[in-house]
Amino acid sequence: MFKDLLIYNTVSKKKELFKPIVEGKVGLYVCGPTVYGHAHLGHSRPAITFDLVNRYLTHIGYQVRYVRNITDVGHLVNDADEGEDKIGKLAKLNALEPMEVAQMYTNSYRRNMAQLNVLPPSIEPTATGHIIEQIEVVKKILDAGYAYESEGSVYFDVQKYATDYEYGKLSGRKIEDLQANTRSLDGQDEKNSSLDFAIWKKAAPEHIMRWPSPWSDGFPGWHTECIAMSTKYLGEKFDIHGGGMDLMFPHHEAEVAQSCAALGHESVNYWMHNNMITINGQKMGKSLGNFITLDQFFDGEHEYLDQPYSPMTIRFFMLQAHYRSTLDFSNEALQAAEKGLDRLLKAVDTIGKIKTAKESTVSINEMIEKAYAAMDDDFNSPIAISQLFDGVRIINSLADEKESINGSDLAKLNKFYQEFVFDILGLQNVEANGGADDSKLNEVMDLLLTLRVEAKANKDWATADKIRNELTKFGFEIKDLKDGFEWKIND
RNA sequence: GGUACCUUGGCCGAGUGGCUAGGCAGUGGUCUGCAAAACCAUGUACGGCGGUUCGACUCCGCCAGGUACCUCCA
């Protein structure tokens, strides 16, 4: 019943045939945002990538439990304010409760995701809501002998772990290479080795976010939250774990190590990593100062932006590149995506206007098969989209009655576009008529443009042109159609 | 410095050992009172130098350039 689906597994560096642990069901875990700032373009890449994965798996019949966490505690910072929690730090600057800050950015993130038509996950657990589970993970690792306590903090003993398991198998790193690099981190002298990472951290006096534990009042290490939550909601073994490539090391490597240490085996069958978005060839990141928030994209308020870009343009732009490739942002590229998307969505509308004939002179099966085959080949959305564009040509020829199609083929074509464009790719039709939901405005426009049509019928070009020119001055864009008109408001 | 990856036509971006990716822009055309829009048609590109091969953009080596990770970031 299920199709053969290939997924590129970071561990094996190969495409592997997907086999779920439980027939017909998929457990999917994706690292969500750290809520200490507004979501920027970079955040939308994993969100859209795994939204596509979620949508496609669902489409082909799987029941997906999609868990995406909210990191609202736990990132140690290594800048001037050493060892402080990012969220705690910002909260003090703003004189707000840490949870208030976390909630504000969580709300903001969810709003942006909804705008991008990213479906909400099945479960969206927060790190602060799972302190007990994380403490349990730390205890298990201590009991297993792969961690040690030092000055109220608990560190994962990488050296010890490496004698029993392979540390670095996910990221392809070798212990010796890692040791060659020295680092200066907070609490370095408390650690036996620079490779060790904190799984429980004692809170400094000024640290607001803290919880009691057997070792100290403190907070869990960043890497511990995902393993605690994925185990709780998806089990000790689950199908797919996703995230950005930048999380591969150390975060995901540490997750693998912790699950082996705590559970005695690995948890994840398929590791999937999306590539980065670049801006002027460089990664977009908070610390680089070159990031553009999603809200800025949507309203065009940023020095890099020539114009606003709709959420669907952003979404389509991302889907036109494969998730494992870097994608370079530029106004030119986004404008191209905007126009291409427009053309695609118009064609989908056009399908409804096609008249059926007795015989089909076009063949659509190959296109449909190729589009699905592309998705089955490690979610190759750009190839699938190229097939959709091939179909646009067919659709337009049919609408122009240069080709013909029979009823069952037309139904098939329609189903294919509805499902592929809306359900799988998650694209949405932007509002017609400039998004004006002001019915009075619609009536007035209808009146004026109907007058114009009448003037044209009477060959009264002066009046017809006057109406169009005046409306253009007010920022309306008027288009003549064969049997009527169309208008929109230009921003 | 270590590790990995990348380099495709004006721009973005797929892909393959020999067969048109696709989008945008450009060009030509159709339609239109005009205009806009729309539609149709059109582009033999794969960083450099060697090698393997009947044949390489696709495999191997070297060189150049770039990026990411190694420390918080998707």
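One can find the structure itself at the top, above this paragraph.
Residues numbered from 1 in each chain as written. Chains lettered and ligands numbered in written order. Predicted model: local features only at pLDDT ≥ 70, side-chain atom pairs only at ≥ 80, totals over all residues. Heavy atoms only, no water.

**Some thoughts on helix α8 (residues 248-263)**
As a reminder, the rule being used: We call a residue buried when its accessible area falls under 20% of the maximum for its residue type, exposed when it is over 50%, and partly exposed in between, using a 1.4 Å probe and counting protein chains only. Comment: elements are numbered from the N terminus, with helices defined as DSSP H or I runs of at least four residues and strands as E runs of at least two.
In terms of residue burial, α8 counts as a mostly covered element, since 14 of its 16 residues are buried. G264, located one to two residues past α8, shows a positive phi value of around 85°.

**Concerning the sheet that holds strand β11 (residues 277-279)**
Put simply, the test is: What makes two strands pair is DSSP finding at least two bridges between them.
Read from one edge to the other, the open sheet built from three strands follows the order β12-β11-β13, with strand pairing classed as mixed. The open sheet has two edge strands with one neighbour each: β12 (282-283) and β13 (327-329). Strand direction decides the pairing type here: β11 and β13, joined by three bridges, are parallel. Across the sheet, the residue bridging to T278 is D328, located in β13.

**Overview of the nonpolar core**
For clarity, the threshold we go by: For the purposes of this section, nonpolar cores are sets of buried Ala, Val, Leu, Ile, Met, Phe, Trp, Tyr and Cys residues that join through side-chain atoms within 4.5 Å. The contact rule is simple, with two residues in contact once any of their heavy atoms fall within 4.5 Å.
Counting 82 residues, the largest nonpolar core has F297, F379, Y417 and F420 as the members making the most contacts within it. When sequence neighbours within four positions are dropped, the list of residues in contact with F379 reads L5, I7, L52, V53, Y56, M272, H322, Y323 and A374. I175, W200, M209 and C260 belong to the second largest nonpolar core, which has 55 residues in total.

**Digging into the sheet that holds strand β3 (residues 25-30)**
The line we're drawing: Only C-alpha atoms enter the line fits that serve as axes; for helices the fit covers just the stretch in contact. Angles between N-to-C directions range over 0 to 180 degrees.
The parallel open sheet is built from four strands, whose spatial order is β4-β3-β9-β10. Of all strands in the sheet, those bounded by a partner on one side alone are β4 (63-68) and β10 (268-274). Pairs of neighbouring strands in the sheet enclose a mean axial angle of 20°, with direction left out of account. The sheet contact formed by β3 and β4 spans six bridges and is parallel. When the sheet's bridge partners are listed, V30 is paired in β4 with R68.

**Notes on the pattern of salt bridges**
Here is the rule: Throughout this description, the term salt bridge denotes a Lys or Arg side-chain nitrogen within 4 Å of a carboxyl oxygen of Asp or Glu.
Enumeration over the complete set of coordinates arrives at 21 salt bridges. With a shortest N-O distance of 2.7 Å, D51 and R315 are connected by a salt bridge. In this pair, D51 sits in helix α1 (residues 41-59) while R315 sits in helix α10 (residues 311-319), placing the two residues 264 residues apart along the sequence. Residue D51 shares its accessibility class with R315, and that shared class is buried. One salt bridge connects D390 with R393, and the closest N-O pair in it is separated by 3.9 Å. Of this pair, D390 and R393 both sit in helix α13 (residues 381-399), three residues apart, which is roughly one turn of that helix.

**Describing the packing of α1 against α10**
Quick reminder of the rule: Roughly parallel here means an angle under 35 degrees, roughly antiparallel means over 145, roughly perpendicular means 65 to 115, and every remaining angle is called oblique. Only Asp, Glu, Lys and Arg are considered charged, only Ala, Val, Leu, Ile, Met, Phe, Trp, Tyr, Cys and Pro nonpolar, and every remaining residue, Gly among them, polar.
Taken N-terminus to C-terminus, the directions of α1 and α10 make an angle of 70°; their axes are 10 Å apart at the nearest point. Judged on the interaxial angle alone, α10 and α1 are roughly perpendicular. Counting all contacts with α1, which are made through L41, S44, R45, I48, D51, L52 and R55, the residues of α10 involved are I314, R315, M318 and L319. When its residues are assigned to classes, the contact of α1 with α10 shows six nonpolar, one polar and four charged.

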